[in-house]
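# Notes for the structure review
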Amino acid sequence: MGMMQEFKEFAVRGNVVDMAVGVVIGGAFGKIISSLVENVFMPPIGLLMGGVDFSNLFINLGDVPVQTLAEAKELNVPVIAYGNFLNSVLDFLIIAFVIFLFIRQMNRAFPKPEEVPARTCPFCKETIADDATRCPHCTAELPKEA
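The following paragraphs examine the structure supplied in this document. (Residues numbered from 1 in each chain as written. Predicted model: local features only at pLDDT ≥ 70, side-chain atom pairs only at ≥ 80, totals over all residues. Heavy atoms only, no water.)

### A look at a nonpolar patch on the surface
Test applied: Every patch collects residues that have over 30% relative accessible area and no salt bridge, joining them within 9 Å if they carry like charges and within 5 Å if they are nonpolar side chains (Val, Leu, Ile, Met, Phe, Trp, Tyr). Accessible areas in this description were obtained via Shrake-Rupley with a 1.4 Å probe; residue shielding takes into account the shown protein chains only. Salt bridges are defined by distance alone: a side-chain nitrogen of Lys or Arg within 4 Å of a carboxyl oxygen of Asp or Glu. Strands are runs of DSSP state E lasting at least two residues, helices are runs of H or I lasting at least four, and both sets are numbered from the N terminus onward. A simple rule labels every residue: compare its accessible area, found with a 1.4 Å probe on the protein chains alone, to the largest value its type can have, and call it buried under 20%, exposed over 50%, or partly exposed in between.
Among the surface-exposed residues, I59, L61, I80, Y82, F85, L86, V89, F92 and L93 lie close enough to one another that they form a single nonpolar patch of about 850 Å² accessible area. Broken down by element, the residue count for the nonpolar patch peaks at 6 residues, all from helix α4 (residues 82–109). Along the chain, F85 turns up in helix α4. Given a relative accessible area of 55%, F85 falls into the exposed group.

### Some thoughts on the environment of V66
We count it as follows: Only heavy atoms matter for contacts: two residues are in contact if any of them lie within 4.5 Å across the pair.
Here V66 shows up in the loop between β1 (59–60) and α3 (69–74). The class of V66 is buried, set by a relative accessible area of 11%. Sequence separation between V66 and V77 is 11 residues; the distance between their C-alpha atoms is 8.3 Å. V66 has contacts with F58, N60, E71, A72, L75 and V77, leaving out every residue within four places of it along the chain.

### Describing the nonpolar core
Note the threshold: Grouping buried Ala, Val, Leu, Ile, Met, Phe, Trp, Tyr and Cys residues that are joined through side-chain atoms within 4.5 Å yields what is termed a nonpolar core.
Core analysis: the biggest nonpolar cluster contains 6 residues, these being I33, V37, M42, F54, I94 and V98. Those elements giving two or more residues to this core turn out to be α2 (14–48) and α4. Ranked by residue count, the leading element in this core is α2, at 3 residues. In this structure I33 touches I95 and V98, once residues within four positions along its chain are discounted.

### A few points about the pattern of salt bridges
As enumerated under the stated definition, the model contains 1 salt bridge in all. Across the pair R134 and E141 runs a salt bridge, and its minimum N-O distance is 3.2 Å. With relative accessibility at 57%, the residue E141 sits in the exposed group.

### A closer look at the packing of aromatic side chains
The condition is simple: In this scheme Phe, Tyr and Trp rings, the latter by its six-membered ring, pair at centre separations within 6.5 Å, and the angle between planes marks the pair as stacked below 30 degrees, edge-to-face above 60, and tilted otherwise.
Considering all chains together, one arrives at 2 aromatic pairs under this definition. Ring centres of F29 and F102 lie 5.6 Å apart, and the angle between their planes is 45°; this geometry places the pair in the tilted category. On the criterion of sequence distance, the pair formed by F29 in helix α2 and F102 in helix α4 is long-range, its members being 73 residues apart. F29 gets classed as partly exposed once you look at its relative accessible area, which sits at 30%. By relative accessible area, which is 41% here, F102 ends up partly exposed.

### Some points on α4
Side chains of residues three or four places apart in an α-helix project in the same direction, reflecting 3.6 residues per turn. For clarity, the threshold we go by: Take the residue count of a helix, subtract one, and multiply by 1.5 Å to get its expected span.
An ideal rise of 1.5 Å per residue puts 40 Å on 28 residues; α4 measures up with 40 Å between its terminal C-alpha atoms. Taken together, the buried positions of α4 are occupied by G83, N87, I94 and V98.

### Things to note about the side chain of R119
This is how the line gets drawn: We define a polar contact as two N or O atoms separated by no more than 3.5 Å, with the added condition that, inside protein, one atom must be a possible hydrogen donor and the other a possible acceptor, whereas residues neighbouring each other in sequence contribute only through side-chain atom pairs.
Within the secondary structure layout, R119 lies in strand β3 (residues 118–120). Note on R119: relative accessible area 14%, which makes it buried. Engagement of the side chain of R119 in a polar contact is seen with the backbone oxygen of D130, the distance being 3.2 Å.

Such coordinate-based values are descriptive only and should not be taken to indicate function.
Here is the structure:
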């Protein structure tokens, strides 16, 4: 079988297609959450912190005095842009929290079915219902448990 045929079979397998759909939807969902964080949550947080714009916080490592991060980048002044890092950390925490709330609601809306108590057949070692009197796999009559 040729490599192209092998690739074709691999690419159209259900798991690969499902994963691709998940990645695309995840990327779109990530954009929505990032927009929520940047446009809804960050302005009030910045306001509560006295109007601080995290993205403009930096430590100048060069000799040229600069007022903004954009100016430092324009003049190729080396800086530690810790404000961008703080924004990224805050974005992550808010995104993780929003995803937590989303998954929590999904779990409430679609609870997992309760697991049926099970035991192992002493003859064929297959899993069987706890209250079974005969094994559905090997048809052995099961001893009553005390």
